[in-house]
Amino acid sequence: MLSVGLSIVSLARFQFAMTTVFHFFFVPFSIGMGFLVAIMETIYAVKKDKDYLDMAKFWGKIFLLSFAVGIVTGIIQEFQFGMNWSEYSRFMGDVFGAPLAIEALLAFFIESVFIGIWMFTWDRFKPGVHALMIWITSIGTMLSAIWILAANSFMQHPTGFKINNVTGRVQLTDFGAVISNPQLWRAFPHVILAAFMTAAVVITGMSAYGLLRKKKNENIFFKKSLRFGLWASLIFAILSAGAGDLQTRQIINDQPMKFAATEGIYEDTKDPAPWTVVALINAKDHKTTNQVEIPGVLSIMSYHKLSGSVKGMNTINKELHAKYDKQFGKNMNYYVPPKTLFWSFRVMTGFDALIMLVSLVGLIFSRKKKDTIESHKWMLVVLGICIWVPFIANSAGWFITEFGRYPWIVYGLFTIAQAVSPTSTVATLLFSNIVYFLLFALLGGVMVWYSRQTLHHGPYYEEADSKQNVDPFAKEAFGK
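All values reported here derive from a predicted model rather than from experimental measurement.

## Details of the overall build of the chain
And step 1. Counting its secondary structure elements, the chain contains 16 helices and 6 strands.
And step 2. Against the compact-globule benchmark of 23 Å for 480 residues, the chain has a radius of gyration of 25 Å, which places it among compact chains.
And step 3. Counting only residues that meet the buried cut, the chain has 51% of its 480 residues in that class.
And step 4. Restricting the contact set of the chain to residue pairs at least 6 apart, pairs at least 24 apart contribute 78%.

Listed below in structure tokens is the structure:
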């Protein structure tokens, strides 16, 4: 036995969190990049502006890179269900299998077929027809997100099922209820809009770095890409915040402990409820101290009105014990990780607001009547650094989604401890954690390196290279 104080459950949770978060780095980015490239190519098809054709081709390379890495990281997660979460697979297989099978057979099939057609047919279709290929690919990526989120939403708020008394497993009774789950249709807009924002911020940041290189033949290209990315960043950051508000209101009803933790509330608030900006949270003694509060704001955020109190974690914990003690026992701990959720929520919302601000300032500096952004190098550097901001914000949002479900893996039905494979050991989990971390670090490094190389070569690299690289056996290679 290893005397390192790490339990099998905690190691399995860490591994799942690590692989899920890393996979979630690339999936929203890939979805968003495909959508924005489709818009670029559509603008070219309508306006016949060649700059937008060059933009679609260049940013399409980044899309293909993210798509490939996203697939590899997704496959790794599938292995985990059998290796480390076999009890979960047995319990949830009847429900979990249906949306994942549809995702693979329908959505992923659409993506993989049409992305191939789009890649190799730039000169074989009319612009409008070719743009249709990337639109179908983009729609396929969004359909994949729907089916994956349908499975995850069941874990957050189970619907359309019954427990088989013989097998003790979840049995699907109403597929329509699964795909109409209110959690799904609150989470999907937030995830998709955040995906669009992520891609827009990356386009903006990489374009800023392109402008810093000061290559005259690339100036117009990166300037248009920058403006395109800034507008998309601002629009989708605002829309993502609005969708997040709708999702939060659903969480208040379905998972009140998660919501209370994101606000650091242990005791019931007064009416109207103040919003805690920052605080020190004592998870051991279930107390919050040194709060900086804004009166009445939490009521507005929670209920969209000037009144209304919010239940604290202590009250909710008592309610959950009263509801589930017969099933799970009196020793169950229903407190979610409050520090993780409290600060993750502030990172997510704070970075979303930062993107809005930076995008607005960037648009002001790059407006046509007074375009001064190239003379403000500090602004270009800030835009470049902001490339990493949406990835951190997305990860923080995913922490809230997954850690806020504790102690269940399927809310109210199946705990995390019950879901771990009986054959898993501390040694095997520790070894696989190290292997996965190194593999993900390699994949991430390859993605960043190739993206940097693509930016370094610039948008006209292939065009210039094709003129220089003559067939060595052609007569042109030997002169006149």
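## Some details on the pattern of salt bridges
And step 1. All chains considered together, the criterion is met by 10 salt bridges.
And step 2. One salt bridge in this structure joins Asp 54 and Lys 50, with 3.0 Å as the shortest N-O distance. Here the residue Asp 54 and the residue Lys 50 both occupy positions in helix H2 (residues 50-83), the gap between them amounting to 4 residues, near one helical turn.
And step 3. Arg 169 is the partner of Asp 94 in a salt bridge, and the nearest nitrogen-oxygen pair spans 3.0 Å.

## Re a nonpolar patch on the surface
And step 1. Taken together, the side chains of Leu 439, Leu 442, Val 446, Trp 449 and Tyr 450 present a nonpolar region at the surface, about 470 Å² in accessible area.
And step 2. Structurally, Trp 449 can be placed in helix H15 (residues 426-457).

## What about the packing of H2 against H15?
And step 1. Viewed as axis vectors pointing N to C, H2 and H15 meet at an angle of 175°, and their least axial separation amounts to 9 Å. Our classification of the angle between H2 and H15 gives roughly antiparallel. Facing Phe 58, Lys 61, Ile 62, Leu 65, Ser 66, Val 69, Val 72, Thr 73, Ile 76, Phe 79, Gln 80 and Met 83 of H2, the residues of H15 in contact are Tyr 436, Leu 439, Phe 440, Leu 443, Met 447, Tyr 450, Ser 451, Thr 454 and Leu 455.
And step 2. In terms of residue class, the contact of H2 with H15 is built from 15 nonpolar, 5 polar and 1 charged.

## Thoughts on the packing of aromatic side chains
And step 1. Tallied over the full model, the rule gives 31 aromatic pairs.
And step 2. Ring geometry for Tyr 266 versus Tyr 335: centroids 6.2 Å apart, planes at 50°, classification tilted. One end of the pair, Tyr 266, is in the loop between helix H8 (256-262) and strand E3 (275-282); the other, Tyr 335, is in the loop between helix H10 (313-328) and helix H11 (338-365), and 69 residues separate them in sequence. The same class applies to Tyr 266 as to Tyr 335, namely buried.
And step 3. Site record: aromatic cluster; members linked through ring pairs are Phe 58, Trp 59, Phe 221, Phe 222 and Tyr 460.
And step 4. Of note, Lys 57 hangs over the ring of Trp 122, and the distance from its end group to the ring centre comes to 5.4 Å.
And step 5. Directly above the ring of Phe 342 sits Arg 346, whose terminal nitrogen or CZ lies 3.7 Å from the centroid.

## Describing the packing of H2 against helix H3 (residues 86-120)
And step 1. Relative to each other, H2 and H3 sit at 160°, their axes nearing to 12 Å. When the interaxial angle is binned, H2 and H3 end up roughly antiparallel. Note on packing geometry: the crossing formed by H2 with H3 is left-handed. Between H2, through Ala 56, Gly 60, Phe 63, Leu 64, Phe 67, Ile 71, Phe 81 and Gly 82, and H3, the contact on the second element is made entirely by Ser 86, Tyr 88, Ser 89, Phe 96, Phe 108, Glu 111, Ile 115, Trp 118 and Met 119.
And step 2. Across the contact of H2 with H3, the residue classes break down as 12 nonpolar, 4 polar and 1 charged.

## Points about unusual backbone geometry
And step 1. The peptide bond linking Asp 271 to Pro 272 adopts the cis configuration, its omega dihedral lying at 0°.
And step 2. Positionally, Pro 272 belongs in the loop between H8 and E3.
And step 3. With omega at 5°, the peptide bond leading from Tyr 406 into Pro 407 counts as cis.
And step 4. Mapped onto the secondary structure, Pro 407 falls in the loop between helix H13 (389-403) and strand E5 (408-410).
And step 5. The backbone phi angle of Asn 290 is positive, close to 55°, even though this residue is not glycine.
And step 6. Tracing the sequence through the fold places Asn 290 in strand E4 (residues 287-294).
And step 7. Residue classification places Asn 290 among the exposed residues on the basis of a relative accessible area of 55%.
And step 8. The backbone of His 304 sits at a positive phi, close to 60°, despite the residue not being glycine.
And step 9. Position of His 304 among the secondary structure elements: in the loop between helix H9 (297-303) and H10.
And step 10. Of the residues examined, His 304 reaches a relative accessible area of 44% and is grouped as partly exposed.

Each value, and the rule that gives it
Positions within a chain are numbered from 1, following the residues in the order the chain's sequence is written. This being a predicted model, a pLDDT of at least 70 is required before a residue's local features are given, and a value of 80 or more before pairs of side-chain atoms are given or counted; all residues contribute to the totals for chains, interfaces and linings. Remark: hydrogens and water are excluded; side-chain values derive from all non-hydrogen atoms of the structure. The helix count covers DSSP runs of H or I at least four residues long, the strand count covers runs of E at least two residues long, and both are numbered beginning at the N terminus. The globule rule used for comparison is 2.2 Å times the number of residues to the exponent 0.38, while the radius of gyration itself is calculated over C-alpha atoms. Each residue's exposure class comes from its accessible area (1.4 Å probe, protein chains only) as a fraction of the maximum for that residue type: buried when under 20%, exposed when over 50%, partly exposed otherwise. By definition in these notes, contact holds between two residues if any of their heavy atoms fall within 4.5 Å. For this document, the term salt bridge refers to a Lys or Arg side-chain nitrogen within 4 Å of an Asp or Glu carboxyl oxygen. Put simply, a patch holds well-exposed residues, over 30% relative accessible area, that have no salt bridge, with like charges counted together within 9 Å and Val, Leu, Ile, Met, Phe, Trp or Tyr side chains within 5 Å. We get accessible surface area from the Shrake-Rupley algorithm with a probe of 1.4 Å; when it comes to residues, only the shown protein chains can shield them. Working convention: axes come from line fits to C-alpha atoms, limited for helices to the stretch in contact. Angles between N-to-C directions cover 0 to 180 degrees. Should an angle fall under 35 degrees it is taken as roughly parallel, and over 145 as roughly antiparallel, whereas 65 to 115 is taken as roughly perpendicular and any remaining angle as oblique. All residues other than Ala, Val, Leu, Ile, Met, Phe, Trp, Tyr, Cys, Pro, Asp, Glu, Lys and Arg, Gly among them, are scored as polar; the first ten of these are nonpolar and the last four charged. Ring pairs shown here join Phe, Tyr and Trp side chains whose ring centres sit within 6.5 Å, with only the six-membered ring taken for Trp; geometry is labelled stacked below 30 degrees between planes, edge-to-face above 60, and tilted in between. When the NZ atom of lysine or the CZ atom of arginine is within 6 Å of a ring's centre and also within 35 degrees of its normal, the charge is said to sit over that ring. For a crossing to be left-handed, the near helix must be turned anticlockwise from the far one by less than a right angle; the clockwise case is right-handed.

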